[in-house]
Structure formats: structure tokens, C-alpha cells
Amino acid sequence: MSRLRNALGARDAHITTLRGVIVALLIGCGALWYGWQSEPKNLTISIPPDLRTGSTQKWWEKPPSAVYAFAIYVWQQLNRWPADGENDYQRNIYAYSPFLTPSCEEELNEDYRARLARKELEQRERSVFEIPGRGFNPEPGGPGSVEIVSRDEWIVNLDLAVEETYAGTPIRNVYRRFPLRVVRADDDPEGNPWGMKIDCLARASQRLEIPQEEDDS
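Student: What should I look at first to understand the side chain of Lys197 in this one?
Tutor: Looking at the element boundaries, Lys197 is found in strand β5 (residues 196-201). One buried charged residue, Lys197, forms no salt bridge at all, with the nearest opposite charge on Asp187 at 4.2 Å. Non-local contacts of Lys197, meaning those with residues more than four positions away in its chain, are made with Phe70, Pro98, Phe99, Leu100, Thr101, Arg181, Val182, Val183, Ala185, Asp187 and Asn192.

Student: Help me understand the layout of surface pockets, please; the structure alone is not making it clear to me.
Tutor: One simple way to see leftover space: roll a probe sized like a water molecule over the atoms. Estimates place the volume of the second largest pocket at around 270 Å³. As for the second largest pocket, its lining consists of 15 residues, of which Trp75, Tyr89, Leu108, Asp111 and Arg115 are closest to the centre. The residue makeup of the lining of the second largest pocket, split by class, is seven nonpolar, two polar and six charged.

Student: Which parts of the structure should I look at to understand the side chain of Arg177?
Tutor: Looking at the secondary structure, you find Arg177 in strand β4 (residues 169-184). Those residues in contact with Arg177 that lie beyond four places of it in its chain are Arg134, Gly142, Pro143, Asn157, Leu158, Asp159, Ser205, Gln206 and Leu208.

Student: Any chance you could explain the pattern of salt bridges here in plain terms?
Tutor: If charged atoms from side chains of opposite charge come close, those side chains can pair. Within this structure, the stated rule accounts for 15 salt bridges. The salt bridge involving Arg91 is made with Asp88; its shortest N-O contact spans 2.8 Å. Note that Arg91 and Asp88 are positioned in helix α3 (residues 85-95) at a spacing of three residues, about one turn of the helix. We classify Asp88 as buried; its relative accessible area is 4%. In this structure, the salt-bridge partner of Arg113 is Glu106, at a minimum N-O distance of 3.0 Å. Three or more residues joined by partner-sharing salt bridges are found here, namely Asp111, Arg115, Arg118 and Glu120.

Student: Mind showing me how you'd approach the state of the cysteines here?
Tutor: Here a disulfide denotes a covalent bond joining the sulfur atom of one cysteine to the sulfur atom of another. With the rule as written, the count across this model stands at one disulfide. Between the sulfur atoms of Cys104 and its disulfide mate Cys200 the distance is 2.0 Å. Torsion about the S-S bond of the Cys104 and Cys200 cystine: about 80°, corresponding to right-handed handedness. Linking Cys104 in helix α4 (residues 102-117) with Cys200 in strand β5, this pair joins segments that are 96 residues apart in sequence. Each of the two residues, Cys104 as well as Cys200, counts as buried.

Student: Looking at this model, I keep getting lost on the nonpolar core. Mind explaining?
Tutor: Within soluble globular proteins, side chains that are nonpolar generally end up buried alongside one another. If you look at the biggest cluster of nonpolar residues, it comprises 32 residues, and the most contacted ones within it are Trp75, Leu108, Val156, Leu158, Val182 and Ile198. When residues of this core are traced back to their parent elements, those giving at least two are α2 (64-78), α3, α4, β3 (153-166), β4 and β5. In terms of residue count, α2 provides more of this core than any other element does, eight residues in total.

Student: Just to check I follow, could you spell out unusual backbone geometry for this structure?
Tutor: The general pattern is negative phi for most residues beyond glycine and trans for most peptide bonds. With a phi angle near 65°, Gln123 is a residue other than glycine that sits in the positive phi range. Its location among the elements puts Gln123 in the loop between α4 and β1 (124-130). For Cys200, which is not glycine, the phi torsion reads 60° and is therefore positive. We classify Cys200 as buried; its relative accessible area is 2%.

Student: What am I meant to see in the packing of aromatic side chains here?
Tutor: A ring pair, where both rings are aromatic, is described by two values, the distance of the centres and the angle of the planes. Inspection of every chain in the model, using the stated rule, returns nine aromatic pairs. Taking the centre distance of 6.4 Å and the plane angle of 25° together, the rings of Tyr73 and Trp194 count as stacked. Taken as a pair, Tyr73 in helix α2 and Trp194 in the loop between β4 and β5 lie far apart in primary sequence, 121 residues in all. Residue classification places Tyr73 among the partly exposed positions, given a relative accessible area of 37%. Ring pairing ties together the aromatic residues Phe70, Tyr73, Tyr96, Phe99 and Trp194, which thus form one cluster.

Student: Looking at this structure, how should I read the pairing of β4?
Tutor: Taken residue by residue, a regular strand's side chains alternate between the two faces of the sheet. Alignment of β3 against β4, held across 14 bridges, turns out to be antiparallel. By the bridge assignment for β4, Tyr166 is matched with Thr169. If you look at the hairpin formed by β3 and β4, you'll find two residues sitting between the two strands, and Ala167 has a positive phi there, around 55°. Pairing analysis gives four bridges linking β4 to β5, with the strands arranged antiparallel. For Arg184, the partnering residue across the bridge sits in β5 and is Met196.

Here is what the cut-offs are and how they apply
- Residues numbered from 1 in each chain as written.
- Predicted model: local features only at pLDDT ≥ 70, side-chain atom pairs only at ≥ 80, totals over all residues.
- Heavy atoms only, no water.
- Helix = DSSP H or I, 4+ residues; strand = E, 2+ residues; numbered from the N terminus.
- Buried < 20%, exposed > 50% of the residue type's maximum accessible area, 1.4 Å probe, protein only.
- Lys, Arg positive; Asp, Glu negative; His and termini not counted.
- Salt bridge = Lys/Arg side-chain N within 4 Å of Asp/Glu carboxyl O.
- Contact = heavy atoms within 4.5 Å.
- 1 Å grid on protein atoms, 1.4 Å probe; cavity = no way out; pocket = protein on both sides within 12 Å on 5 of 7 lines; lining within 4 Å.
- Points joined across faces, edges and corners; volume = space filled by probe spheres on them.
- Nonpolar A, V, L, I, M, F, W, Y, C, P; charged D, E, K, R; others polar.
- Disulfide = S-S within 2.5 Å.
- Core = buried A, V, L, I, M, F, W, Y, C linked by side-chain atoms within 4.5 Å.
- Phe/Tyr/Trp six-rings, centres within 6.5 Å; stacked < 30°, edge-to-face > 60°.
- Pairing = 2+ DSSP bridges.

Shape is all these values report; function is a separate question.
Next up, the structure:
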């Protein structure tokens, strides 16, 4: 009888041990599943356009060429009023708000309200585009250059032509340099895959005088 009782006790202890192992395995599998689910689904890496000599960079680094491409794309779209600035400007600010810092968005909204009060937007069409020959420039300080302020902040010098018409009549055609501040913003990869935001002008824009031979090119 004693031998049977010992055998049953050993069996029950072994079953209890196996149950504990099963529970531990389930907990481990659950932890692995949670970790797998928590990993980012997409990872955006900015690759420099010139790979003739190869490229080695950390995944979080943003090359100046990528910063420039982001800045000119968003700024052009913000300043594209194809039909009526009174509607287009406000719609653009709202549509591109994921690519603007909150302070820049408010600054643009204030500019919109001020222009609206001065009757500067109704029936006004506007577009800005890159001056030929003054695109991205890897050399610091020149047109199209990107000033690296820190790992997470840049100043992009955009040399752009600004054209405006009122009710179909040309009223403005000038060249200006827009020094835009761009900051890192990795908080919304779904709404902002660039991982950057424009923080409006780092300093006042300036009018450019383009030499005739450069303009003709």
C-alpha cells in the first residue's frame, strides 16, 4: 500500500511539474508574440542619390539631399494656388499640416488671415518653382545648400521663382531665397513617412537678382 501511495504521489508531482513547464512555455510564447507585434512594420531609410562610390550610413541619419527634397516638395505644394488663393491657401495648410510644426502651422494660418483681411487672396493664383541651375547643392553656403544645425535640425536654402496672377493677369514674377528650418519628427510614420517637419523660415526671405546669362540657361 505504501509503495502504491508513493508511486501515485510521484506521478502527481510529475504532472504538476509538466503543467508548470507548459504554463511557462505559454507565457514565453506570449511574450515573444507581443515583442514581434510591437516591432515597427516599416523602416524608412534615406539613401543618397549618388551611389557611385557606395554609401554607408546609420539608419536614422538623413542626408542633406533628402532634407532638401522634402523641403522643396512641401513648400511648393503649400504655395500652389491653382485657382483661388482664398480657398487654395487655407486648404493647403490643412492638407500639409502633418509636415508642419504646430508653431509653423499657426504662423501660416496667421499669414492667411492677414492676407484675407487685406483682400490679397481672392482670385489670386500662385506658384513657386526651382530656379534652373539652382537646385540641391552639396557645397555649404551656396544656393540650394543645406546647413546642418544638428543631427535633428537643418536650414534649407531654396532659391525659387515666385509667379502670381490676379484673375488671369500676371502681377508678380520675382526670385527669392527661402531659408526654411527643417526638424526631425519621427512621431507619426503613418501620417508623415518623411520623418521631418518644416518649422517655417529660419530668417527673413530675400529677393534675388539673377544674372541674365544664368536666367537664360
